[in-house]
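# Survey of secondary and tertiary structure
Here is how the chains run, residue by residue.
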Amino acid sequence: MTDTANRPKVVIIGGGTGLSVLLRGLKVYPVDITAIVTVADDGGSSGRLRDELKIPPPGDIRNVLAALSDVEPLVEDLFQHRFNKGNSLTGHSLGNLILAAMTNITGDFFHAVREMSKVLNVRGKVLPAANRSVVLHAEMEDGSIVSGESKIPYSGKKIKRVFLSPESIEPLEETIEVIRQADLILLGPGSLYTSILPNLLVPKIGDEVCKAKAKKVYICNVMTQAGETLDFTASDHVKALNEHMKCTFIDTILVNDEEIPDMMKALYAEELAKPVYYDIEALRDLGLEIVHDKIVSYENNVIRHDTVKVAKLLYDMIT
């Protein structure tokens, strides 16, 4: 196996389920993985702990730790267990509570994540985009402002831009360093405005990504998302990223070219979601290298990226 110091350095930026799916596939390859994870979540268990304990939301971090962990399945199941009984415990996952407790013990969320990484024998590094909670806001096309990551997709309005508060957020020094040293920077898959952009909008992180020497790859979502990317084409996703960063920084886009079965289209149509149109000419006009393949898997009537195929395509880009 390749010496750890000589392994290609891969930085993955995002949050939500898509990030965890991708990491499960990538961790089997001889690469040095760092996941930079959003701390803008304010819904569910994460939101409750964030409000009650004044800590960054642990949910997305918990999922990434589980995805990169190398422990017995039962230990991972325990970490991911969600209580469904008890007034105070209902809805909380054990992993979120452990991260909250570890933050209390160490006095610092980042140190809590680092210690849990050791406990779970995590393959790689997991870094919160900031060591404090941030609030995500969206300015809509009608000029109104919606505050709160969990509320933005349900506003019923088209997003013009998203931004963070407070403005004085500092990223971890480790985050800046891994971006500068990266060989490959991956964005997505995941919710464009509420999972990917909250990381890039942390002051200095977006700037460093724009300047980084690494190859930058956007893993395009397979389906549009009502309240965020309704009717978006593949190029619309890239344009939104460029506009928020005020730089043209993506080198390559990975898109699905497999026809989605009619039954799945009908299911997703109920949520006003449809397959992202792969507008090849518009992508070429943006100067992008286009990598396309059949990269979809179906599980319990949910469309996901095929973690094995996507990981192989990404690994091939740096070898």
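To be clear, the structure that these remarks concern was listed above.
Described below are features of the structure shown in this document. (Residues numbered from 1 in each chain as written. Predicted model: local features only at pLDDT ≥ 70, side-chain atom pairs only at ≥ 80, totals over all residues. Heavy atoms only, no water.)

Helix and strand counts for the protein come out as 13 helices and 12 strands. For 319 residues, the compact-globule formula gives about 20 Å, and the C-alpha radius of gyration of the protein, at 19 Å, lands near that figure. C-alpha extents for the protein along the principal axes are approximately 55 × 50 × 40 Å. The proportion of buried residues among the 319 residues of the protein is 53%. A separation threshold of at least 6 residues defines the contact pool for the protein, and within that pool the share at least 24 residues apart is 71%. Of the roughly 14400 Å² of accessible surface on the protein, a fraction of 51% belongs to carbon and sulfur atoms. Across the protein, the centroid of the 35 positively charged side chains sits 3 Å from that of the 44 negatively charged ones. (Helix = DSSP H or I, 4+ residues; strand = E, 2+ residues; numbered from the N terminus. Rg over C-alpha atoms; globule rule 2.2 N^0.38 Å. Buried < 20%, exposed > 50% of the residue type's maximum accessible area, 1.4 Å probe, protein only. Contact = heavy atoms within 4.5 Å. Areas by Shrake-Rupley, 256 points an atom, 1.4 Å probe, with all protein chains shown as cover. Lys, Arg positive; Asp, Glu negative; His and termini not counted. Charge placed at Lys NZ, Arg CZ, Asp CG, Glu CD.)

Summarising the element assignment, Val276 is placed in the loop between α11 (262–269) and α12 (280–285). Along the chain, Val276 and Asn256 lie 20 residues apart, while their C-alpha atoms are 8.6 Å from each other. Excluding residues that lie within four positions of it along the chain, Val276 makes contacts with Cys220, Asn221, Val222, Met223, Thr224, Phe232, Thr233, Ala234 and His237.

What follows concerns the nonpolar core. Formed by 93 residues in total, the largest nonpolar core has its most connected members in Leu65, Leu186, Leu200, Tyr218 and Ile253. In terms of residues, this core owes the most to one element, helix α3 (residues 59–68), which gives six residues. Setting aside residues no more than four positions away along its own chain, Leu65 makes contact with Phe79, Leu99, Val113, Met116, Ser117, Leu120, Val122 and Val126. Val222, Met223, Met264 and Val296 belong to the second largest nonpolar core, which has eight residues in total. (Core = buried A, V, L, I, M, F, W, Y, C linked by side-chain atoms within 4.5 Å.)

Looking at the secondary structure, you find His137 in strand β4 (residues 135–140). Side chain to side chain, His137 and Ser147 meet in a polar contact 2.6 Å long. Of note is the side chain of His137, whose polar atom sits 2.7 Å from the side chain of Ser165. Ignoring any residue separated from it by four or fewer positions in sequence, one finds His137 in contact with Ile145, Val146, Ser147, Ile152, Arg161, Val162, Phe163, Leu164 and Ser165. (Polar contact = N/O pair within 3.5 Å; in protein donor to acceptor, adjacent residues only side chain to side chain.)

Strand β9 (residues 252–256) sits mainly inside the fold: five of its five residues count as buried. Here β9 shows no split at all, with Thr252, Leu254 and Asn256 on one side and Ile253 and Val255 on the other all buried. Here strand β8 (residues 215–219) pairs with β9 via three bridges, running parallel. Note on β9: the bridge partner recorded for Tyr218 is Ile253. (Pairing = 2+ DSSP bridges.)

Taking strand neighbours across the sheet as the criterion, the seven strands line up as β3-β2-β1-β7-β8-β9-β10 in an open arrangement whose pairing is parallel. Single-partner strands in this sheet number two, and they are β3 (125–128) and β10 (289–293). Direction aside, neighbouring strands of the sheet carry axes that sit 20° apart on average. One ladder, built from six bridges, connects strand β1 (residues 9–14) with strand β2 (residues 32–37); its direction is parallel. Bridge pairing in β2 places Gly14 opposite Val37. Contacting β1, β2, β7 (184–187) and β8, helix α1 (residues 16–26) crosses the sheet at an angle of about 165° to β1. (Axes fitted to C-alpha atoms, helices over the stretch in contact; angles between N-to-C directions.)

With antiparallel pairing, the three strands of this open sheet are ordered in space as β5-β4-β6. Each of the sheet's edge strands pairs with one partner strand only, and the pair in question is β5 (145–147) and β6 (159–165). When strand polarity is set aside, the average angle formed by the axes of neighbouring strands in this sheet is 25°. In the sheet, β4 pairs with β5 via three bridges, with the strands oriented antiparallel.

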